[in-house]
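If you want the building blocks of each chain, they are given just below.
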Amino acid sequence: MCESGSRSVWENVTDSTPLTQTNTGSLQFNTVVSAAFWVVHLPKWMVEDSLPMLDKLFRKMCRVPYRTRLAIFWREETNQHRHFENGHDGDESEMCEASVRVLVCTQEDRGQDGNCLETQEGYKPLVNSSDLVIHHGTNLEIFIKGNLVKLHDLASLKFQPFHENRATLNVRRVQTNISAAGNIEIMADDLSLFSASIVLPIKK
C-alpha cells in the first residue's frame with residue numbers, strides 16, 4: 001500500500017483477512033482497502049521474516065527487461081600512471097598499459113558502429129556479445145583474470161536504459177614478458193552474464 005509517488009509498503013494482513021478456497025482452487029476474500037495483494041504459501045518458519053524477502057522479490061519481478069548487447073573496446077595507453085591511496089603510506093602509482101571499456105548497448109544505442117564515442121576516443125573493438133536480456137537497475141560487475149590486472153578502478157555499473165552505460169578499467173600485465181591475454185567476465189546480480197577470452201596487442 002502506498003500514496004501516490006511513494007514507495008509501496010507491504011503489510012501482513014493474513015490474520016485479519018479471512019480467506020475462502022473455492023472448488024477451482026482459487027482464494028477469495030473481502031477488503032475495503034484499495035491496494036495490491038499477494039497470496040503467498042509459505043512454511044511457518046518463514047512467515048516471521050517474509051516481508052523483506054517478498055518485497056525484494058516483488059521489486060525484482062517488476063524490473064523491466066531490455067534486449068541488449070555488450071560491446072568491449074580497448075585502447076593502449078602510453079606512459080600513464082594511475083594514483084591510488086593504499087591506506088598506509090599515502091599515494092602510490094602503477095603503470096597503466098591499456099584501458100578496457102565495457103559498453104551496454106540497447107537497440108537504440110550506436111555502440112557497435114563506426115560513429116560511437118569509443119571510436120572517436122581512439123578505442124578499438126575487442127569483442128561483442130550476442131543478444132542478452134538485462135533488467136532495469138541491474139548491477140553489473142566486471143572481472144578480469146589471466147595476465148591482466150585492473151588498477152584499483154570501480155569495475156561496476158548500474159544498467160539504466162536510455163542513459164550512458166559505460167565502465168572503463170585501466171589495466172596492466174602481470175608479467176610484462178608475455179602477451180596481455182586474459183578473460184573478462186561480467187556478472188549480473190551475482191550470476192555470470194557474459195565471459196570471453198581477450199588478448200590486448202600491446203606493442204611495448
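Residues numbered from 1 in each chain as written. Predicted model: local features only at pLDDT ≥ 70, side-chain atom pairs only at ≥ 80, totals over all residues. Heavy atoms only, no water.

Our focus in this paragraph is the sheet that holds strand 12 (residues 191–200). If you trace the four strands from one edge of the open sheet to the other, you get 9-7-11-12, paired in antiparallel fashion. A single partner strand is all that each edge strand has here, and the edge strands are strand 9 (156–158) and strand 12. Each strand of the sheet is rotated relative to its neighbour by a mean of 20°, with strand direction disregarded. Taken together, the nine bridges between strand 11 (residues 180–188) and strand 12 define a ladder with antiparallel strand orientation. Pairing of Ile-184 across the sheet is with Ala-196, part of strand 12. (Pairing = 2+ DSSP bridges. Helix = DSSP H or I, 4+ residues; strand = E, 2+ residues; numbered from the N terminus. Axes fitted to C-alpha atoms, helices over the stretch in contact; angles between N-to-C directions.)

This paragraph deals with helix 2 (residues 50–62). Over its 13 residues, helix 2 extends 18 Å from the first C-alpha to the last, a length consistent with the 18 Å expected when each residue adds 1.5 Å. Buried within helix 2 are the following residues: Ser-50, Leu-54 and Asp-55. When helix 2 is viewed along its axis, its buried side chains cluster within an angular range of 125° and face the same direction. Residues Pro-52 and Lys-56 are exposed on helix 2 and point more than 90 degrees away from its buried face. Packed against the buried residues of helix 2 are helix 1 (44–47). (Expected span 1.5 Å × (residues − 1). Buried < 20%, exposed > 50% of the residue type's maximum accessible area, 1.4 Å probe, protein only. Arc of directions from axis to C-beta. Contact = heavy atoms within 4.5 Å.)

A few words now on the packing of aromatic side chains. Scanning the entire structure with this criterion turns up two aromatic pairs. Residues Tyr-66 and Phe-159 carry aromatic rings whose centres are separated by 5.9 Å and whose planes lie at 70° to one another, so their mutual orientation is edge-to-face. Linking Tyr-66 in strand 3 (residues 65–85) with Phe-159 in the loop between strand 9 and strand 10 (166–173), this pair joins segments that are 93 residues apart in sequence. Under the relative-accessibility criterion, Phe-159 is labelled buried at 0%. Of the aromatic side chains, those joined through ring pairs into one cluster are Tyr-66, Phe-159 and Phe-162. (Phe/Tyr/Trp six-rings, centres within 6.5 Å; stacked < 30°, edge-to-face > 60°.)

The next thing to look at is the pairing of strand 7 (residues 139–146). Strand direction decides the pairing type here: strand 7 and strand 9, joined by three bridges, are antiparallel. Each bridged residue has a counterpart across the sheet, and for Asn-139 the counterpart in strand 9 is Lys-158.

This brings us to the confidence of the model for the chain. Looking at the chain, pLDDT values average 81 and 82% of them are 70 or higher. Here residues 83–92 is modelled with pLDDT under 50, and outside its nearest four sequence neighbours on either side it reaches twelve contacts, counting other chains as well. (pLDDT = per-residue confidence, 0-100.)

The next thing to look at is the environment of Asp-131. Within the secondary structure, Asp-131 sits in the loop between strand 5 (124–128) and strand 6 (132–135). Relative accessible area serves as the criterion here: at 41%, Asp-131 is assigned to the partly exposed category. Separated by 64 residues in sequence, Asp-131 and Arg-67 place their C-alpha atoms 6.4 Å apart. Ignoring sequence-local partners within four residues, the contact set of Asp-131 consists of Arg-67, Thr-68 and Arg-69. A distance of 2.6 Å separates a polar atom in the side chain of Asp-131 from a polar atom in the side chain of Arg-69. (Polar contact = N/O pair within 3.5 Å; in protein donor to acceptor, adjacent residues only side chain to side chain.)

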